[in-house]
Amino acid sequence: MAAETSPAIPVALSSASVYPLAVHDAFAVADDLGYDGVEVMVTHNRDSQSPTALRHLSERYQQPILAIHAPTLLLTQQVWGRAWNKITMSAAMAAEVGAEVVVAHPPFRWQSGYAENFADGIRHIEKDYGVTIAVENMYPWLVRGRETKAYLPHWNPVNLPYDNITWDFSHAASASMDSCEEIQNLGSRLSHIHLTDGNDNGKDEHLLPGQGSQRCAEALEYLAESNWDGVVVIEVSTRRARGIGEREDWLGRTLEFARKHLGQA
C-alpha cells in the first residue's frame, strides 16, 4: 500500500496584491498564474461586497474563494457600518461563498465597547456561521518616534485569548518580530498566513518574500514539515509595478517561491 501523503498547502492570492486594480483583476491574475484560490479583501469596491458577484468571478475563473478579509482596516472604516456589523457580514459572506476563514484586525483603541468583548464576540459569530475568524498580528504605531496606543487591548494577538490567528510577515517585521519563531510558538492557533516580507524599520512594506529580513523560506518549510492545514495567502504590494506585465511577473515569482519552500515545486 502506498504511503499516505498530506494534501498540499493551498497558495492563494489576496486581492490586496493587485491594488489599485479591482477584485475582478485579482481573480483574473490568479487564474493566469495558476494560484489555488483567492482571498477577497472587502473594500469600497462593490464586487468585493457582493456574494453574488464573487461567486460569479469564482466560477468564471475557476478560483475558489479561500478567505474573506473583513473591512477592519483604517481605510475601510466606512464600509459596512459599525464594527460588529463588519465582522458579522464578513462571516455571512464567507459562509455564502464557501470560504472557511475570515481575517480580522484587532479593535482600534477608540472602539472600546467592541474591544472589551471582541474575543467572546468572534467566538459566537464563528459558531453562528461555521467559519473561522482569525485575528491578524499588527504592529505598533509610532508618532515622533514614540509608540502610541492604536489597538485595544494590543496590536500583538499572541498573548491574547484568540483561538485563531492570521500571521502577517510584513507586520511582524514592522514590530521587530521573527515570523519563523512566532509561527512555531503559535502551534494550533495559527490558522492563516499572509506571506510577504519587510524590514525592521517601522514601515509596513509588504515586500516580495526574500526582499526583506524575515525568514520566509524557513517558515514555509516548517509549515510543510509540520503538516499545517491552513492557507498561505500572497499579500504583497505591487503598486510600484510598471504595468500588468511586471505585476504578473512579481506575483508569479512569489507563487514560485511559496511552492518551492512548501515542497511543491
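So, a few notes on the structure that sits alongside this text. Along each chain, numbering runs from 1 in the same order as the chain's sequence is written. Thresholds applied to this predicted model are a pLDDT of at least 70 for local features of residues and 80 or more for the giving and counting of side-chain atom pairs; totals over whole chains, interfaces and linings are not thresholded and use all residues. The basis for every side-chain value is the complete set of heavy atoms in the structure, and neither hydrogens nor water enter the calculation.

As a further point, take helix α5 (residues 118-129). Under the 1.5 Å per step criterion, the end-to-end length of α5 is 16 Å for 12 residues, consistent within 8% with the ideal 16 Å. Buried residues are those whose accessible area, probed at 1.4 Å on protein chains only, stays under 20% of the maximum for their type, while exposed residues exceed 50% and partly exposed ones sit between those limits. Helix and strand labels come from DSSP, where a helix needs a run of H or I of at least four residues and a strand needs a run of E of at least two; each type is numbered from the N terminus. Those residues of α5 that fall on the buried side of the exposure criterion are Phe118, Ala119, Gly121, Ile122, Ile125 and Glu126. Each buried residue of α5 sits inside an arc of 160° when the element is viewed along its axis, so together they form one side. Exposed residues on α5 whose side chains face more than 90 degrees from its buried face are His124, Lys127 and Asp128. Against α3 (83-97), α4 (112-116) and β5 (132-136) lie the buried residues of α5. One or two residues past the end of α5 sits Gly130, with phi positive at roughly 70°. Between the first and last residue of a helix there are one fewer steps than residues, each counted as 1.5 Å, and that sum is the expected span. To be clear, the arc concerns the directions from the helix axis to the C-beta atoms. Between two residues, a contact is recorded if the distance between any of their heavy atoms is within 4.5 Å.

What follows deals with the layout of surface pockets. Here a cavity means grid points, on a 1 Å grid over the protein atoms only, where a 1.4 Å probe fits yet cannot get out; a pocket means an open set of points with protein on both sides within 12 Å along at least five of seven lines; lining residues are those with an atom within 4 Å of a point. Grid points are joined across faces, edges and corners, and a volume is the space filled by probe spheres set on the points. Within this model, the largest pocket holds a volume of roughly 1000 Å³. Contributing to the lining of the largest pocket are 34 residues, with Ala16, Met41, Leu73, Leu75 and Arg239 lying nearest its centre. Taken together, the residues that form the lining of the largest pocket break down as 16 nonpolar, 13 polar and five charged. Of the voids in this model, the second largest pocket is the one considered here, and its volume is about 370 Å³. Here the term charged refers only to Asp, Glu, Lys and Arg, the term nonpolar to Ala, Val, Leu, Ile, Met, Phe, Trp, Tyr, Cys and Pro, and the term polar to all other amino acids, Gly among them.

With that settled, consider the nonpolar core. Within the largest apolar cluster, 76 residues are counted, with the highest numbers of intra-cluster contacts made by Ile68, Trp167 and Ile193. Not counting chain neighbours up to four residues away, the residues in contact with Trp167 comprise Asn137, Val158, Ala172, Met177, Ser179, Glu182, Ile183, Leu186, Leu190, His192, Ile193 and His194. In this description, a nonpolar core means a group of buried Ala, Val, Leu, Ile, Met, Phe, Trp, Tyr and Cys residues linked to one another through side-chain atoms lying within 4.5 Å.

Relative to the helices and strands, Val11 resides in strand β1 (residues 11-14). Since its relative accessible area comes to 0%, Val11 is described here as buried. Note: C-alpha distance between Val11 and Leu262 (251 residues apart in sequence) is 9.5 Å. The contacts of Val11, once residues within four sequence positions are left out, are Tyr35, Asp36, Gly37, Val232, Ile234, Leu255, Ala258, Arg259, Leu262 and Gln264.

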